[in-house]
Amino acid sequence: MNDTEKFLFDLQGFLKVPGFLADAEVDALNAAFDANEDQRGEDGNHNTGGSDVLEGRRRGIFTGMLEWEKPHCLPFRALLAHKKLIPYLDALFGRGWKMDHSPFMLCGSKGAEGLILHGSTSRHFNGAQYYTYANDQMRCGMIVCQFQLADVAEGDGGLCVIPGSHKANFPLPQKICHWQEHREVVYNVPCKTGDMVVFNEATLHGTLPWTAEHERRSLLYRYSPKYLHFAGGTYQTSQPAWVGELTEAQQAVLEPPYIYNRPLVEADGETVVRPRTG
Ligand SMILES: O=C(O)CCC(=O)C(=O)O
């Protein structure tokens, strides 16, 4: 993570990394979704807050990709400890981080609904979603890496953020939360296919209704520091058999939260070290 990227993440609570994925990676991920169309579900995370401007058809969602039949699971497994991702995770968490819960893809055609703005901000300390800076280091609770598998022009909808709101001190007014007032502070992050947006879950963010003719395709990987697990219900202390097929580094990313003797992924994305104190 270079100095400009650190400045922007600290300032905004999110960062766009253009061209993060190579064309071949995008193609493999999109091909896997196309081949598993029958896995498409409806996103249960439905909350428009009763705001008529966020209303629409339910968003689509894909889950369980790490367990899809080969070769379709492979591009998703390759992202777990992607070599280009490691410097961002190390800079935002320090050494030692983990997948918080299973990756998922948000999709939806024109007319798909939005989701209210949410995020913990700095109004109070939330031990799972927070942002701190001290001693030249940023530290975050859960962060979201959103890989765009289709273009997003500003105004198309999808991910929106209130830049800088990870440091906000006052409660979010309901009309802004519901995208009914002060839309000028809500930024629909424009992206090209292959870009990644990394944002802190403490940053106010949400979903704007999808307006483009083409389908939204946003793949979300959520990571937490090594000592934290945000989303309940999905982590296991013993791993299913397919995890044994992963590289040592990919397996380390799926470890539950702990510190002592934890495997830490090295910069090459392949090897791990096990310091006794983590
Ligand atoms: O990308 C989106 O539509 C919103 C994602 C979101 O709300 C989240 O990751 O918490």
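Preceding this paragraph is the structure being described.
Side note on the sheet that holds strand β11 (residues 196-200)
Phase 1: Reading across from one edge, β1-β11-β8-β13-β4-β3-β2 is the order of the 7 strands in this open sheet, with antiparallel pairing throughout. Here the strands that pair on one side only, and so sit at the sheet edges, are β1 (14-17) and β2 (41-42).
Phase 2: Note: β2 against strand β3 (residues 60-63), 2 bridges, orientation antiparallel. Counted as the bridge partner of E42 is G60 from β3.
Phase 3: Packed onto the sheet, helix α2 (residues 23-35) meets β3, β4 (97-108) and β13 (216-225) and runs at close to 110° relative to β13.

Concerning the site of the ligand
Phase 1: With respect to spatial proximity, 14 residues lie near the ligand, and among them Q146, H205, T207, R216 and R222 are the closest.
Phase 2: In the environment of the ligand, an oxygen atom lies 2.9 Å from a nitrogen or oxygen atom belonging to the side chain of Q146.
Phase 3: The contact in question runs from an oxygen atom of the ligand to an N or O atom on the side chain of R222, over 2.8 Å.
Phase 4: When residues of the shell around the ligand are traced back to their parent elements, those giving at least two are β5 (115-118), β8 (143-148), β12 (205-208) and β13.
Phase 5: Taken together, the residues of the shell around the ligand sort by class into 6 nonpolar, 5 polar and 3 charged.

Analysis parameters
- Residues numbered from 1 in each chain as written.
- Predicted model: local features only at pLDDT ≥ 70, side-chain atom pairs only at ≥ 80, totals over all residues.
- Heavy atoms only, no water.
- Pairing = 2+ DSSP bridges.
- Helix = DSSP H or I, 4+ residues; strand = E, 2+ residues; numbered from the N terminus.
- Contact = heavy atoms within 4.5 Å.
- Axes fitted to C-alpha atoms, helices over the stretch in contact; angles between N-to-C directions.
- Near = heavy atom within 4 Å.
- Polar contact = N/O pair within 3.5 Å; in protein donor to acceptor, adjacent residues only side chain to side chain.
- Nonpolar A, V, L, I, M, F, W, Y, C, P; charged D, E, K, R; others polar.

Function cannot be inferred from these measures alone, as they are strictly geometric.
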